[in-house]
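# Chain and residue survey
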Amino acid sequence: MQALLSFDQAPPLDAPLRFFLTAPLFAVFAGLLLLWGGPDIFASRWTPDALALTHLITAGFMLQAMLGALFQLLPVVAGANMPRPRLVAGIVHALLTAGTLLLVVGFLRFESQWFRLAVLFLGAGTGLFIAAAAGALRGIPSASPTIRGLKLSLAGLAVTVGFGLLLAASLGWAFDLPLARLTDIHLGWGLVAWGCALLAAVGYVVVPMFQLTPSYPLWFGRAFSFAAPAVAFAWTLAELLEWQILGTVLAALVVLTAAGFAGITLHLQWRSKRARLDVTQVYWRVAMVSALVAAALWLAAMLLPALAEWPGWPLLFAVLLLHGGFMSVIVGMFYKIVPFLVWLHLQNAGRGRLMAPNMKKVLAEKSMEGQMRAHFATLALLVAAVIWPAWLIYPAGFALVLANAWLLRNLFSALGVYRDHLARIAALEVPGEGGPTGGM
Amino acid sequence: MHNIREFMSDDHRRCDDVFAEAEQAAAAGDWATAQAAFGRFHAAVLRHFGAEESLLFPAFEEKTGMRMGPTQVMRGEHVQMRELMDEAAAALAAHDGERYTGSAETLLIMMQQHNMKEENVLYPMCDQHLVEYVESLVPRLQAEISPGGGAGA
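A brief structural summary. (Residues numbered from 1 in each chain as written. Chains lettered and ligands numbered in written order. Predicted model: local features only at pLDDT ≥ 70, side-chain atom pairs only at ≥ 80, totals over all residues. Heavy atoms only, no water.)

### Section: the overall build of chain B
- Across its full length, chain B carries five helices and zero strands.
- Overall, chain B shows an N-to-C arrangement of helices and strands of α-α-α-α-α.
- By the compact-globule yardstick of 15 Å for 153 residues, chain B fits well, its C-alpha radius of gyration being 16 Å.
- Once the C-alpha set of chain B is aligned to its principal axes, its extents read approximately 50 × 30 × 25 Å.
- Long-range pairs, those at least 24 residues apart, make up 76% of the contacts in chain B with a sequence separation of at least 6.
- Accessible surface, chain B: about 6100 Å² in total, of which carbon and sulfur atoms supply 54%. (Helix = DSSP H or I, 4+ residues; strand = E, 2+ residues; numbered from the N terminus. Rg over C-alpha atoms; globule rule 2.2 N^0.38 Å. Contact = heavy atoms within 4.5 Å. Areas by Shrake-Rupley, 256 points an atom, 1.4 Å probe, with all protein chains shown as cover.)

### Here's the deal with a nonpolar patch on the surface
Residues and elements named next belong to chain A.
- The grouping of Phe233, Leu237, Leu240, Leu241, Trp243 and Leu246 at the surface amounts to a nonpolar patch, some 610 Å² of accessible area in total.
- If one sorts the elements of the nonpolar patch by residue count, helix H8 (residues 218-240) sits on top with three residues.
- Among the structural elements, Trp243 can be located in the loop between H8 and helix H9 (244-270).
- Overall, the relative accessible area of 48% leaves Trp243 in the partly exposed class. (Patch = residues over 30% accessible without salt bridge, like charges linked within 9 Å, V, L, I, M, F, W, Y side chains within 5 Å. Salt bridge = Lys/Arg side-chain N within 4 Å of Asp/Glu carboxyl O. Buried < 20%, exposed > 50% of the residue type's maximum accessible area, 1.4 Å probe, protein only.)

### Regarding the packing of aromatic side chains
- This model, assessed by the stated rule, comprises 21 aromatic pairs over all chains.
- Their ring planes at 85 degrees and their centres at 5.9 Å tell us that B:Phe38 and B:Tyr100 sit as a pair that is edge-to-face. Of this pair, B:Phe38 sits in helix H2 (residues 31-64) while B:Tyr100 is found in helix H4 (residues 97-129), placing the two residues 62 residues apart along the sequence.
- What makes B:Phe38 buried here is its relative accessible area of 2%.
- In this structure B:Tyr100 comes out as buried when scored by relative accessible area, which is 3%.
- The rings of A:Tyr204, A:Tyr216, A:Trp219, A:Phe220, A:Phe224 and A:Phe261 are connected pair by pair, giving a single aromatic cluster. (Phe/Tyr/Trp six-rings, centres within 6.5 Å; stacked < 30°, edge-to-face > 60°.)

### Focus on the layout of surface pockets
- The volume enclosed by the second largest pocket comes to roughly 1000 Å³.
- Every residue lining the second largest pocket is counted, 46 residues in all, and those nearest its centre are A:Gln72, A:Val76, A:Phe340, A:Leu344 and B:Gln113.
- Taken together, the elements giving at least two residues each to the lining of the second largest pocket come down to helix H3 (48-78), helix H7 (179-211), helix H10 (279-303) and helix H12 (313-350) of chain A together with helix H3 (70-93) and H4 of chain B.
- When residues in the lining of the second largest pocket are grouped by element, the largest group, 13 residues, is from H12(A).
- Considering only residue class, the lining of the second largest pocket consists of 28 nonpolar, 12 polar and six charged. (1 Å grid on protein atoms, 1.4 Å probe; cavity = no way out; pocket = protein on both sides within 12 Å on 5 of 7 lines; lining within 4 Å. Points joined across faces, edges and corners; volume = space filled by probe spheres on them. Nonpolar A, V, L, I, M, F, W, Y, C, P; charged D, E, K, R; others polar.)

### Examining H3(A)
Residue and element names in this part refer to chain A.
- Its axis deflected by about 40 degrees at Gln72, H3 carries its strongest bend there, up to four residues before the proline Pro75.
- Summarising burial for H3: 28 of the 31 residues are buried, a large majority.
- Positive backbone phi, at 65 degrees, marks Gly79, one or two positions downstream of H3. (Bend = angle between axes of the 7 residues up to and from the residue.)

### Thoughts on the pattern of salt bridges
- By the definition in use, this model includes 22 salt bridges over all chains.
- B:Glu105 is the salt-bridge partner of A:Lys336, the closest N and O atoms lying 2.8 Å from each other. Taken together, the residues span two chains, with A:Lys336 in helix H12 and B:Glu105 in helix H4.
- Overall, A:Lys336 belongs to the buried group, its relative accessible area being 13%.
- With relative accessibility at 4%, the residue B:Glu105 sits in the buried group.
- Connected through shared salt-bridge partners, A:Arg274, A:Asp278, A:Lys336, B:Glu23 and B:Glu105 make up one network.

### Thoughts on the interface of chain A and chain B
- Across the boundary between the two partners, chain A contributes 31 residues, which contact 37 residues of chain B.
- Both sides together, the interface formed by chain A and chain B hides about 3200 Å², and carbon and sulfur atoms give 70% of it.
- Of the charged contacts, one joins B:Glu23 and A:Arg274 as a salt bridge, the two residues approaching to 2.5 Å between their closest N and O atoms.
- Here chain A and chain B share 11 residue pairs in polar contact (both at pLDDT 80 or more) between them.
- Of the residues belonging to the side of chain A that touches chain B, the class tally is 18 nonpolar, six polar and seven charged. (Buried area = accessible area lost by both parts, 1.4 Å probe. Polar contact = N/O pair within 3.5 Å; in protein donor to acceptor, adjacent residues only side chain to side chain.)

If you want it as structure tokens, here you go:
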């Protein structure tokens, strides 16, 4: 009840924004790593450079964006307020950013002390976030699939981070653990029980509401939030107990669960009542198609030994799912969330004396469209670079830098509009200026 | 029988449909149809606000004693949406497509995040606290919301 009384306490703008403005920087670093590492980076998924690259995208870009979005979404969607959001966001952000950089340096230099430090920082940062979010959600009934999905995805994050910390610790302190097996479990939980589950929890609300589509089928909302962690859990058991065949069957179920979400989402978006496809909707649709292709590739690799032997397929899978799927959806959502938050905070600051600029004035459609084209060109180049690394790794790396520098510029331009407008509001408040301060 | 959450959420969806009609027409450059559809949307939303502000919120505040709680936040957001609707209507009257798209987009997100709070938090609270009044309250809300009803319409 206490939480409900204060559900207007939307966090300050800088709580989510500090994460959103950091995420593209990590993707720029990922592009620079491609340029620096060259074609060898795509030799196998297990090269230290490939591991560094993956974590620049997953922990650097995706996790930053997802945690930032949760600071905003938990109060609005679930009425779950964190205590002192600005302070918690600041600490989580600093620990996560430092921890990710330490982890990446750890992979690149392969020295134990970096992994030890990374364990410390990432463990503290994500631990603090999970504790704060779980505390905010405690006592809030799971009245909708979204609220239940948020809770279960948070558990998925905890498991993902737990296995990740175990892996990094075993590199830092030279534990004797089955690293390849644990890595698969870590990424299975990260991609499905955390990533896809969070996306689904948010998607139940934002797809129908903002894209004016029919709702997700009721059975799907109920079934998916349980199915994702349940199959991931069963699969993990089979993997740990080394039941090979059952493990593969359950892994296929995990992949099909995620593909089911992408398929249903695409089907709903097909029936959108919006007059035209805007940048966010195009981003969503390409993301869902890319995720479906990734799932098909995974299943094909399980069935076709010739494909399974090609060391490039896991890299292709990662490019399709991480860049084509998750990154696309995240950028698409930035383009709705950031202009809206800027408008909302300006509207509250102006209190009717000065009208806030509407979303299209905060961030122009044209800038978003240009950036989106660069993002999709990057996706095409990355896919091609997996097949012909010697030729295309450099253009792909350059494109990744460009698309994300452009994203950063777009987000900063929205922040610039915010600051300029705040200054205009402040100018109205100077006494004795004779401005239209008195009236409404 | 309807509860408050179902009944009021259904009205949100009806408003969404008319909003989409106006957007379709504006995108096609059919200003007359867009203005007519937006006019119906505007009126439907104002009736919805009216029903909440004159019936539902006072009943909730009376029963729970929470006057500065969620209903106060909702009233504040209604003020913001009234401004955005006026702005969008003015843009349509001026046949200014760009200004309309910008304010309509902002209105849509404002409206949907507002609906989210009502449907996930406030309406379930109303159903819980006003359980003995639901039977008489829903028909009165219905009368207020239907076209031609309501004090302000």
